[in-house]
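Tertiary structure, described
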Amino acid sequence: AYELMSGDWSSDVCSSDLYRLVGKTTAPDSVKVSHIMLAIGQDEKAADKLADSLMTVLNSPKADFAALAAQFSQQPQTAANGGELGWFTESSASANAGADIKNALFSANGSKPFINKGNGVINIFKVTERTKPVAKAKIAEYALSVTPSSRTTQKLYSDITGFVATNNSLDKLVSAAPEAGYNVLSNSNLQNTSYNIGQVRNARHAVRWAFENKPGSISEVFEIDNKFLVVAVESENAAGYTPLAQVENSLKRELASEKKAAKIIAELSKYSTVGEYASAMNSNVDTAKFVTFNTSNISGIGVEPAITGVAPYAALNALNGPVAGKRAVYVYAVTDKKESEAAFNEESEKQSWNNAMMYRLTSEAMRTLVNNSNIEDNRIRFY
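About the thresholds
- Residues numbered from 1 in each chain as written.
- Predicted model: local features only at pLDDT ≥ 70, side-chain atom pairs only at ≥ 80, totals over all residues.
- Heavy atoms only, no water.
- Helix = DSSP H or I, 4+ residues; strand = E, 2+ residues; numbered from the N terminus.
- Areas by Shrake-Rupley, 256 points an atom, 1.4 Å probe, with all protein chains shown as cover.
- Lys, Arg positive; Asp, Glu negative; His and termini not counted.
- Charge placed at Lys NZ, Arg CZ, Asp CG, Glu CD.
- Core = buried A, V, L, I, M, F, W, Y, C linked by side-chain atoms within 4.5 Å.
- Buried < 20%, exposed > 50% of the residue type's maximum accessible area, 1.4 Å probe, protein only.
- Salt bridge = Lys/Arg side-chain N within 4 Å of Asp/Glu carboxyl O.
- Phe/Tyr/Trp six-rings, centres within 6.5 Å; stacked < 30°, edge-to-face > 60°.
- Lys NZ or Arg CZ within 6 Å of the ring centre and 35° of its normal.
- Pairing = 2+ DSSP bridges.
- Patch = residues over 30% accessible without salt bridge, like charges linked within 9 Å, V, L, I, M, F, W, Y side chains within 5 Å.
- Expected span 1.5 Å × (residues − 1).
- Arc of directions from axis to C-beta.
- Contact = heavy atoms within 4.5 Å.
- pLDDT = per-residue confidence, 0-100.
- Polar contact = N/O pair within 3.5 Å; in protein donor to acceptor, adjacent residues only side chain to side chain.

**Overview of the overall build of the protein**
What the protein contains, in helices and strands, is twelve helices and twelve strands. Element-wise, carbon and sulfur atoms account for 51% of the exposed surface of the protein, whose accessible area totals about 25300 Å². On the protein, the mean spot of the 38 positive side-chain charges and the mean spot of the 40 negative ones are 4 Å from each other.

**Things to note about the nonpolar core**
Counting residues in each nonpolar core, the largest one holds 14 residues, and the members touching the most others are I197, A206, F222, I224, L229 and V231. Looking at this core, the elements with two or more residues in it are α8 (204-212), β9 (222-224) and β10 (227-232). Broken down by element, the residue count for this core peaks at four residues, all from α8. Core analysis: the second largest hydrophobic core is formed by 13 residues, I36, A47, A51 and I124 among them.

**Some details on the pattern of salt bridges**
Considering all chains together, one arrives at ten salt bridges under this definition. The salt bridge involving E90 is made with K102; its shortest N-O contact spans 3.7 Å. With E90 in helix α4 (residues 90-97) and K102 in helix α5 (residues 99-105), this pair connects stretches of sequence that are twelve residues apart. We classify E90 as partly exposed; its relative accessible area is 23%.

**Describing the packing of aromatic side chains**
Tallying each qualifying case throughout the model produces four aromatic pairs. Pairing Y157 with F228 gives two aromatic rings, centres 5.6 Å apart and planes at 65°, and the pair type is edge-to-face. Linking Y157 in helix α6 (residues 150-166) with F228 in strand β10, this pair joins segments that are 71 residues apart in sequence. Classification of Y157 by relative accessible area gives partly exposed; the value is 39%. Aromatic side chains Y271 and Y277 sit 5.2 Å apart centroid to centroid with 80° between the ring planes, which places their arrangement in the edge-to-face category. Judged by relative accessible area, which is 31%, Y271 ranks as partly exposed. A cation over a ring is seen here: R204 above Y195, with NZ or CZ 5.3 Å from the ring centre.

**Remarks on the pairing of strand β3 (residues 30-39)**
The element β3 is largely enclosed, with a buried count of ten among its ten residues. Alternating positions in β3 separate into two faces, S30, K32, S34, I36 and L38 on one and V31, V33, H35, M37 and A39 on the other, with burial throughout. Pairing between β3 and strand β4 (residues 84-89): five bridges, direction antiparallel. What sits directly across from K32, in β4, is W87. Pairing of β3 with strand β6 (residues 121-130) involves nine bridges; the strand directions are antiparallel. Across the sheet, the residue bridging to I36 is I124, located in β6.

**Comments concerning a nonpolar patch on the surface**
Together, L18, Y142 and L144 give the surface a local cluster of nonpolar side chains, amounting to about 320 Å² of exposed area. Relative to the helices and strands, L18 is located in strand β2 (residues 14-28).

**Details of helix α1 (residues 44-58)**
The first and last C-alpha atoms of α1 sit 21 Å apart over 15 residues, in line with the 21 Å expected at 1.5 Å per residue. Listed in full, the buried residues belonging to α1 are A47, A51, L54, M55 and L58. All buried residues of α1 project into a common sector of 100° when viewed along the axis, lining one side. Along α1, the residues that are exposed and aim more than 90 degrees away from the buried face are K45, K49 and T56. On its buried side, α1 packs onto β3, α2 (65-72), β5 (114-118) and β6.

**Thoughts on the confidence of the model for the protein**
Taken over all residues, the pLDDT of the protein has a mean of 84, while the share at 70 or more is 93%. Considering only residues more than four positions removed or in separate chains, one finds that residues 7-14, a stretch of pLDDT under 50, has 24 contacts.

**Here we look at the side chain of S217**
Considering the arrangement of structural elements, one finds S217 in the loop between α8 and β9. Within the structure, S217 has its side chain in polar contact with the backbone oxygen of K214 (distance 2.8 Å). Discounting chain neighbours no more than four positions away, the residues touching S217 are W209, V231, A232 and V233.

See below:
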């Protein structure tokens, strides 16, 4: 589908020109955070007791937060990296964790571990690194909403209606829109269950129109939230696999990456150290910690199963590679190995994974029921 969209015209157009300084402080620009997550489950007292015990250990002088996170955290993805969550600014911490946690992380004693309880879990947070403190100001803003008159909205509606009447084919609509000041959003692949069209939310009635009309059709003007929207049907796909033409470019990129990696590996000479390979590849030597078989993201690299699936079992100080990963070609050596001192607890491991994967159960079960049921989805006919 193609979308022809007018600019925003409703009450979220604002004039903001009054500001007031309400406070000053000095705090780090960003902090690096780790956590230990404990699922509360059905035994809240046991979870609280474990959290209190961990806090007692963590407040001792020789506490190793990363080791405790690897042993006790019930979030496998972060536990594999010693509980590391990464770097946060005040705005990103507030958006991801809430104002209370943000304030604790950036407070003067924010390097001490602290407990946060909610949403069925207990989190023990700790700031492991801080950037240099900088001066910060808290600013209050006075925003005055500007509401357009009925004459303004009527004119916008009249203009776009006239434009569509004049440019009454798909080619004309797309080519003339930019000059007329309208935004054209192309290649919006819709399914009959879609609620949005591209960036336009709550567009279910426009989606329904698209499925009721043939390629080349142009809709009436829809008024959705603070936008006027016109939809044009470019093509329709039969049920089944996505047509090759629609996935051709992504397949080309993936194949090109594989060929490029193979070419780099073939052209590399054999070197004896990681540093020599780094010089030859015009790259740098970096160190990744807490890499295990179930590590989802390697700090500074990302998702690289070609490394996480093999590195934990590689010989110590032996040169490995070059190997082709998802993002680059890698040469690595394992410089240190630590075996967990805790005995493997099968029941605890099962419970940890059950807690971590519980959110998938509902969606996967429903998908399986739908795939195994002889039901035709006709919801698009009714809403």
